[in-house]
Amino acid sequence: MKLYKAEMWDKMQYLFRNYYNRMMHTAYFYSGTLDEDILAKSFMAVLGKVDVLHSTYHNDPIKPYWTINNDYKTEDFFALIETDSPIEELDKLMGDTLSAQGKVQFKARLIRSNGKDILGVIVNHMCFDGTDLRYFNMKVLEAYNKYFECGSFDVEVKNGTRSADQVYSKLSDEDRKIAKGLFKNITEEDSKIAFPFAKKTKEDHCRLIREKLSAEDFLAVKAKGKANGATINDVLVAAYFRALYKKIDTKGKAITVPCMYDLRRYMGGETYGLTNLIGFMPCTVPADYGKDMDETVLKVKEALKGAKEDRFTGLYSLPLLKLAYTILPHCISEIAIRIGYTNPYIGMSNIGVINPNDYAVNGLMLEDAFMSGAIKYKPYMQLALTTFQNEVTFSIGIRGNDEDEKIFRAFMLDVIKELKDYAKA
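Residues numbered from 1 in each chain as written. Predicted model: local features only at pLDDT ≥ 70, side-chain atom pairs only at ≥ 80, totals over all residues. Heavy atoms only, no water.

1. Regarding the overall build of the protein
Scanning the protein from N- to C-terminus turns up eleven helices and 15 strands. Looking at the 425 residues of the protein, the share that counts as buried comes to 57%. By sequence separation, contacts in the protein at least 24 residues apart represent 78% of the contacts at least 6 residues apart. As presented, the protein carries roughly 17900 Å² of accessible surface, and 51% of it is formed by carbon and sulfur atoms. Taken together, the 58 basic and 58 acidic charged side chains of the protein have centroids lying 4 Å from each other. (Helix = DSSP H or I, 4+ residues; strand = E, 2+ residues; numbered from the N terminus. Buried < 20%, exposed > 50% of the residue type's maximum accessible area, 1.4 Å probe, protein only. Contact = heavy atoms within 4.5 Å. Areas by Shrake-Rupley, 256 points an atom, 1.4 Å probe, with all protein chains shown as cover. Lys, Arg positive; Asp, Glu negative; His and termini not counted. Charge placed at Lys NZ, Arg CZ, Asp CG, Glu CD.)

2. Considerations on the pattern of salt bridges
As enumerated under the stated definition, the model contains 36 salt bridges in all. Across the pair arginine 162 and aspartate 10 runs a salt bridge, and its minimum N-O distance is 2.8 Å. Residue arginine 162 is located in the loop between helix H4 (130–150) and helix H5 (173–179), and its partner aspartate 10 is located in helix H1 (residues 8–15); the two are separated by 152 residues in the primary sequence. Of the two residues, arginine 162 and aspartate 10, both sit in the buried class. Where glutamate 367 meets lysine 116, a salt bridge forms, and the shortest distance between an N and an O atom there is 3.1 Å. Here glutamate 367, found in strand E12 (residues 366–372), pairs with lysine 116, found in strand E7 (residues 116–124); they are 251 residues apart in sequence, far enough to count as distant. For glutamate 367, a relative accessible area of 43% translates into the label partly exposed. Lysine 116 sits in the partly exposed class, given a relative accessible area of 37%. (Salt bridge = Lys/Arg side-chain N within 4 Å of Asp/Glu carboxyl O.)

3. Examining the sheet that holds strand E6 (residues 106–113)
Here five strands make up an open sheet; going across it, the order is E5-E6-E7-E2-E12 and the pairing mixed. In the strand order of this sheet, the two ends are held by strand E5 (78–82) and E12, each with one partner. On average, each strand axis in the sheet is inclined to that of its neighbour by 15°, with strand direction left out of account. Pairing of strand E2 (residues 23–30) with E7 involves seven bridges; the strand directions are antiparallel. Across the sheet, methionine 23 pairs through a bridge with asparagine 124, a residue of E7. Against the sheet, helix H2 (residues 36–47) contacts E5, E6 and E7, and its axis sits at roughly 165° relative to E6. (Pairing = 2+ DSSP bridges. Axes fitted to C-alpha atoms, helices over the stretch in contact; angles between N-to-C directions.)

4. Looking at the packing of aromatic side chains
Applying the stated criterion across every chain, the model contains 24 aromatic pairs. The structure contains a cluster of three or more aromatic residues connected by ring pairs, namely Phe43, Phe77, Phe78, Phe106, Phe128 and Phe136. When the ring centre of tyrosine 135 is taken as origin, the NZ or CZ atom of lysine 158, which lies over that ring, is 4.6 Å away. Lying over the aromatic face of tyrosine 422, lysine 224 brings its terminal NZ or CZ to 4.2 Å of the ring centre. (Phe/Tyr/Trp six-rings, centres within 6.5 Å; stacked < 30°, edge-to-face > 60°. Lys NZ or Arg CZ within 6 Å of the ring centre and 35° of its normal.)

5. Looking at the sheet that holds strand E1 (residues 3–5)
Each strand in a sheet pairs with another by means of backbone hydrogen bonds, the pair being arranged parallel or else antiparallel. Ordered by their spatial adjacency, three strands build an open sheet running E1-E4-E3, and the pairing between neighbours is antiparallel. Strands at the two margins of the open sheet, each flanked by one partner only, are E1 and strand E3 (55–58). In this sheet, adjacent strand axes meet at a mean angle of 30° when their direction is disregarded. Where E1 meets strand E4 (residues 65–68), three bridges bridge the pair, whose relative direction is antiparallel. Within the sheet, the bridge partner assigned to tyrosine 4 lies in E4 and is tryptophan 66.

6. With respect to the nonpolar core
Soluble globular proteins tend to bury their nonpolar side chains together. Among the nonpolar cores identified, the biggest contains 79 residues, and Tyr240, Phe394, Phe411 and Leu419 are the most heavily contacted of them. When residues of this core are assigned to their parent elements, the largest contribution, ten residues, is made by helix H7 (residues 232–247). Counting 54 residues, the second largest nonpolar core, distinct from the first, contains Phe106, Leu141, Val157 and Ile351. (Core = buried A, V, L, I, M, F, W, Y, C linked by side-chain atoms within 4.5 Å.)

7. Concerning the packing of helix H8 (residues 293–309) against helix H11 (residues 402–424)
The interhelical angle for the contact between H8 and H11, taken along N-to-C directions, is 105°, at an axis separation of 10 Å. The pairing of H8 with H11 is recorded here as roughly perpendicular in orientation. Across the interface between the two elements, Met293, Asp294 and Val297 of H8 pack against Glu418, Leu419 and Tyr422 of H11. Counted by class, the contact of H8 with H11 contains four nonpolar, no polar and two charged residues. (Parallel < 35°, antiparallel > 145°, perpendicular 65-115°, else oblique. Nonpolar A, V, L, I, M, F, W, Y, C, P; charged D, E, K, R; others polar.)

8. Considering the environment of proline 329
Along the chain, proline 329 falls in the loop between helix H9 (318–327) and helix H10 (330–340). Beyond its immediate sequence surroundings of up to four residues, proline 329 is in contact with Pro61 and Ile62.

9. As for the environment of isoleucine 335
The topology assignment puts isoleucine 335 in helix H10. Overall, the relative accessible area of 45% leaves isoleucine 335 in the partly exposed class. For isoleucine 335 and serine 152, which are 183 residues apart along the polypeptide, the C-alpha to C-alpha distance reads 49 Å.

10. Considering helix H6 (residues 215–227)
When the terminal C-alpha atoms of H6 are compared, their 18 Å separation across 13 residues agrees well with the 18 Å that a helix rising 1.5 Å per residue should span. Residues Asp217, Phe218, Val221, Lys224 and Gly225 constitute the buried set of H6. Around the axis of H6, the buried residues are gathered within 130° of arc, so they sit on the same side. For H6, the exposed residues set more than 90 degrees away from the buried face come down to Glu216, Lys226 and Ala227. In this fold, the buried residues of H6 make contact with strand E8 (205–213), H7, H8, strand E14 (381–388), strand E15 (391–400) and H11. (Expected span 1.5 Å × (residues − 1). Arc of directions from axis to C-beta.)

11. Details of unusual backbone geometry
Negative phi values dominate among residues other than glycine, just as trans dominates among peptide bonds. With an omega dihedral of 5°, the bond running from lysine 378 to proline 379 counts as a cis peptide bond. Here proline 379 is to be found in the loop between strand E13 (376–377) and E14. With phi around 50°, glutamine 389 is a residue other than glycine that occupies positive phi space. You can see glutamine 389 is positioned in the loop between E14 and E15.

Pasting the structure below:
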């Protein structure tokens, strides 16, 4: 049996099992139907080149590790579902949770209805982050297309190190030395202000709640922001803050929202192997957040100015985590990190643009698509966004009940209203 060590972010994501279900989610809506047999073989071909996806995690108290499984079958991760209720089936998949102790660390479903397919995929976040999930899915579809072109599923898949240390590999000697000494714990900046969920009930279960901003409204928002020297991300963050402040009584305290930050920018945009390489960019906006969106956008720009100018944004506290995992047995390091790490109650992740050309298969094009992060447990929550053909999908994954869903759906609609009002003002 082949063993290999768990990397820092593998262990951190496993530690986060106390806060969320660790699943990442993607869905691709096609204009027709795919060949399910060829698709299953495409998944199998790429899966064989990504060891961590067919491995079992062992949370050893001294040194956690993975064991690679080679006895997996197609039915362990793939199935075709024919149904008259495709969104209901997709929601079931989006609310599912895979065990890190399982044989395969992802699940794919081809959901077929009325001559069209939805390809849904969930993956254990311990294996890699959203950027490499996008890479994995694209490689599967590349294998699918290659079969129809030449009868082969063989595609090249990156297979280098999964270590978090690779983030320093392309820095200058001077910057590398500085970056490895950034022991500041940025999670200390979090104010621990929580979103008001409904009370826990026995009906609570994992669900991914989604709403959309139309392409017309998105382009109007983007144009207004550009005219005022603001990025689209500045404007989206501002709308989020306004909706949060209207929903939460902070008693005059400031809300801090950590935004996910892709550290691949320090490597030219790509990791050596499929892995997690993420950091945090905290944004704090005061309780006097502004009488309108224009004022809030200015406050967000000011709040993010330092991070945008800092050549080490996202790299803070990584050396602290590495130190804890290096000098202590794993069971002790988990305790130490729980004590020293303040998991933020509120987060945001702008996952970015999904390019339909990247997912075209044998003449079929996408009609819609979205990605989302993990499903959080009360009182934690995170807003995720993806853009497809200038239409934005907002999603919040929670373990909650129907009342929670009403609360969060109304909340996302308020974020969208703030954006629409901003464009019209």
